[in-house]
Amino acid sequence: MKKVIVTIFAAAVLAFSASAQDFTPGWNLGVMGGMNYVTSNSWGNLGRFEHVTPNVSVTMGYDVAPWLNLRGSLSGVSGTYPKGNDKGKFSYAQLGVDGVVDICDIFNYNPERFFSPYVFLGVAGNYRFKVGNEKAAFCPGVRAGLGFDFRISDGVKIALELQDNGLNNKFNTLDDNDYYGGDILHIKRPFKWDDNFVALVGVKFAL
């Protein structure tokens, strides 16, 4: 039994090595744009649009393996958002660091594949700028998502990406510990997260 397992493992390694023989590590640049959808303090408020704003993102990544890309991203927004019958202003800049896994290339590396789905997981540092009466705040968090690459040529891909950035609730201009109701009520509440959902479309270039 032990020999069978070793043989299967060796065959898998050889098959992967053969499929990845044309792989060359390299840099890539992405420029994307889309929309933010921010929930307020919990997924229970998923149907409520607290902040809806445009988003612009620039990524720089490095292919360290046929199936693995390590990337950094800088994204942000500045504009107005609807909130009930009122409008407000919202402005932030976010730095993200992700590990991106190409699902198909795990099993069979093919640099000429037209359609390539991928998933990613990373961390984020978000700085919300002071706007009006809202104080500036730094919001650490985690992020994950799903994307789809469409190969146009050897060096160009069209990308669609969906993200969930989980940030502390100062991101949504609310204090982590204090809740104010009316003019006199003041109570403590536990820490909660804001989810900043992002949908992006853009272009990736091999460098």
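Definitions and limits used
Residues numbered from 1 in each chain as written. Predicted model: local features only at pLDDT ≥ 70, side-chain atom pairs only at ≥ 80, totals over all residues. Heavy atoms only, no water. Helix = DSSP H or I, 4+ residues; strand = E, 2+ residues; numbered from the N terminus. Buried < 20%, exposed > 50% of the residue type's maximum accessible area, 1.4 Å probe, protein only. Contact = heavy atoms within 4.5 Å. Areas by Shrake-Rupley, 256 points an atom, 1.4 Å probe, with all protein chains shown as cover. Salt bridge = Lys/Arg side-chain N within 4 Å of Asp/Glu carboxyl O. Patch = residues over 30% accessible without salt bridge, like charges linked within 9 Å, V, L, I, M, F, W, Y side chains within 5 Å.

## Quick word on the overall build of the protein
Okay, so step 1: Of regular secondary structure, the protein possesses two helices and 10 strands.
Okay, so step 2: Ordered by position in the sequence, the α and β elements of the protein form the string α-β-β-β-β-α-β-β-β-β-β-β.
Okay, so step 3: Out of the 207 residues belonging to the protein, those deemed buried represent 41%.
Okay, so step 4: Sequence separation of 24 or more characterises 61% of the internal contacts of the protein that already satisfy a separation of 6 or more.
Okay, so step 5: Put simply, the protein shows about 11900 Å² of open surface, and 67% of that area lies on carbon and sulfur atoms.

## Describing the pattern of salt bridges
Okay, so step 1: Under the counting rule described, the total for this entry stands at six salt bridges.
Okay, so step 2: The closest approach of N and O atoms between aspartate 105 and arginine 113, which form a salt bridge, is 2.6 Å.
Okay, so step 3: With relative accessibility at 7%, the residue aspartate 105 sits in the buried group.
Okay, so step 4: The shortest N-O distance in the salt bridge between lysine 204 and aspartate 149 comes to 3.1 Å. Here lysine 204 is found in strand E10 (residues 193-206), whereas its partner aspartate 149 is found in strand E6 (residues 137-153), with 55 residues between them in sequence. Neither lysine 204 nor aspartate 149 differs from the other in exposure class; each is buried.
Okay, so step 5: The network of salt bridges with common partners includes Arg71, Asp98, Arg143 and Glu161.

## Digging into a nonpolar patch on the surface
Okay, so step 1: A cluster of nonpolar side chains, Trp27, Val31, Val58, Met60, Phe205 and Leu207, forms an exposed patch at the surface whose accessible area comes to about 570 Å².
Okay, so step 2: Elements represented by at least two residues in the nonpolar patch include exactly strand E1 (26-38) and strand E2 (51-65).
Okay, so step 3: Here methionine 60 shows up in strand E2.

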